[in-house]
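# Coordinate analysis (summary)
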Amino acid sequence: MEELQSITVSEERLEDCRDVVELDLQLLIRETIDSGFSVEEVLIAISELVAEDFAHAVKIASVH
């Protein structure tokens, strides 16, 4: 597995992006809970998907 040495992200752009993503994420969480999944199941599933996407984006292997 490769090791990520560094990543640079503008704090201001990250904050702006977070503001945009947050509303959709909260809606996704609520809708998935309403479908019968627990909050823990939803958050774990989202976390795993994000980890996989992040690993792909920086070209490192995801650990399961």
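Residues numbered from 1 in each chain as written. Predicted model: local features only at pLDDT ≥ 70, side-chain atom pairs only at ≥ 80, totals over all residues. Heavy atoms only, no water.

## What about the overall build of the protein?
A tally of helices and strands in the protein yields 2 helices and 0 strands. On the protein, roughly 5900 Å² of surface is accessible, and the fraction owed to carbon and sulfur atoms is 56%. (Helix = DSSP H or I, 4+ residues; strand = E, 2+ residues; numbered from the N terminus. Areas by Shrake-Rupley, 256 points an atom, 1.4 Å probe, with all protein chains shown as cover.)

## Topic: a negative patch on the surface
The grouping of Glu 11, Glu 12, Glu 15, Asp 16, Asp 19 and Glu 22 at the surface amounts to a negative patch. When you line up the elements, Glu 22 lands in helix 1 (residues 11-34). Given a relative accessible area of 42%, Glu 22 falls into the partly exposed group. (Patch = residues over 30% accessible without salt bridge, like charges linked within 9 Å, V, L, I, M, F, W, Y side chains within 5 Å. Salt bridge = Lys/Arg side-chain N within 4 Å of Asp/Glu carboxyl O. Lys, Arg positive; Asp, Glu negative; His and termini not counted. Charge placed at Lys NZ, Arg CZ, Asp CG, Glu CD. Buried < 20%, exposed > 50% of the residue type's maximum accessible area, 1.4 Å probe, protein only.)

## Thoughts on helix 2 (residues 39-57)
In this model, helix 2 (19 residues) spans 27 Å end to end at C-alpha, consistent with the 27 Å of a helix rising 1.5 Å per residue. Of all the positions in helix 2, only Val 42, Ile 46 and Ala 55 are classed as buried. On its buried face, helix 2 sits against helix 1. Lys 59 sits one or two positions beyond helix 2 and adopts a positive phi of about 60 degrees. (Expected span 1.5 Å × (residues − 1). Contact = heavy atoms within 4.5 Å.)

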